[in-house]
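# Close look at the chain arrangement
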Amino acid sequence: MGVNGSDWQIAYLGWSGFHLQRPAGPHIFIDPPKATIFPGNSAVIVFITHGHPEHLGGVMDLVAGDLETGNNSGHGVTIIASKTVCNYLEDRYRPDNVNFIAVSPGQQQALTAGIGFEVFQWRHMPLLPPGLWPAVRHILSMIRKFRAAARIIKMSLNGPKGPGRMLGYRVQLSSDVTIVIYGEGLHRRCSVDDVA
């Protein structure tokens, strides 16, 4: 699917993950889930909103693969995330060919190929939705999908101790294309004030 009539294409990867690309220039990934396939011959920029496992799985695979197999050498990998997430990935995997940019709310930065971004903070939705019956329905849904819930819990045990700040990004892809990223900021039953 094209982005706003531009030559940028966007693909949904599952969970909160997206892949943006155009014919030339870097590939941009947002919260790539586990099993994401990254290109081996182009620069990669990864935006991570926070350190929950469903948002970090693909980037953990990416940096581990870079270290263990060298399958990402030959092109640059830039990971943009909170200090907590960057420190966790650097300390655990020690990848050679990865540039980490630890960011905080209010920060603005230009990247390669005319791409720039600004960082903001948002509030994560609580585990249970507000109201007794919605909360009960959510718990019953998690029980019915126990295997998926157990996988997320297992991934959490392997991830950073705490998700770090909940970060969003206003990413300027070109002079006429801006995207706004904030994983789970538009969760169901999210309050209008939180979105504002």
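Numbers given to residues run from 1 along each chain, matching the order in which its sequence is written. It should be noted that, the model being predicted, local features are given only for residues of pLDDT at least 70 and side-chain atom pairs only at 80 or more, the latter also being counted only at that level, while totals for whole chains, interfaces and linings use all residues. The side-chain numbers reported here are obtained from all heavy atoms of the structure, hydrogens and water having been left aside.

### Here's the deal with a nonpolar patch on the surface
Patches draw on residues past 30% relative accessible area with no salt bridge. Two like charges within 9 Å are joined, as are two nonpolar side chains (Val, Leu, Ile, Met, Phe, Trp, Tyr) within 5 Å. Per-residue and other accessible areas follow the Shrake-Rupley method at a 1.4 Å probe size, with only the shown protein chains counted as cover for residues. We count a salt bridge whenever a side-chain nitrogen from Lys or Arg sits within 4 Å of a carboxyl oxygen from Asp or Glu. Taken together, L128, I139, L140 and I143 make up a surface patch of nonpolar side chains, about 350 Å² in accessible area. Where helices and strands are cited, they refer to DSSP runs of H or I of at least four residues and of E of at least two residues respectively, numbered from the N terminus. Looking at the element boundaries, L140 is found in helix α3 (residues 132-144).

### A look at the confidence of the model for the protein chain
Residue-level confidence of the predictor is what pLDDT reports, using numbers from 0 through 100. Within the protein chain, residue pLDDT values average 80, and 79% of them lie at 70 or more. Highest mean pLDDT in the protein chain belongs to strand β7 (residues 108-110) (94); lowest belongs to helix α5 (residues 192-195) (60). With pLDDT under 50 throughout, residues 67-74 is counted as low confidence; its partners more than four residues away or in other chains account for 13 contacts. Residue contacts follow a heavy-atom distance rule, with two residues in contact if any of their heavy atoms lie within 4.5 Å.

### Let's talk about the side chain of S42
Within the secondary structure, S42 is located in the loop between β3 (27-30) and β4 (44-47). Polar contacts, as counted here, are pairs of nitrogen or oxygen atoms within 3.5 Å of one another; within protein the pair requires one atom able to donate a hydrogen and one able to accept it, and residues that are adjacent in sequence qualify only if both atoms are side-chain atoms. A polar side-chain atom of S42 sits 3.4 Å from a polar atom in the side chain of N41.

### Topic: the sheet that holds strand β8 (residues 116-121)
Taken together, 4 strands build an open sheet; the order of strands is β7-β8-β9-β10 and the sheet is antiparallel. Edge positions in the sheet fall to β7 and β10 (177-181), since each has one partner strand and no second. Neighbouring strand axes in the sheet, compared pairwise and without regard to direction, differ in orientation by 20° on average. Strand pairing is defined by DSSP finding a minimum of two bridges between the two strands. One ladder, built from 6 bridges, connects β8 with strand β9 (residues 167-174); its direction is antiparallel. By the bridge assignment for β9, F117 is matched with V171. Axis definition: a line fitted to C-alpha atoms, over the contacting stretch in the case of helices. Angles run 0 to 180 degrees between N-to-C directions.

### Side note on the environment of L111
Here L111 lies in the loop between β7 and β8. Apart from the residues lying within four places of it in its own chain, the contact partners of L111 are I45, F47, I80, I101, G116 and F117.

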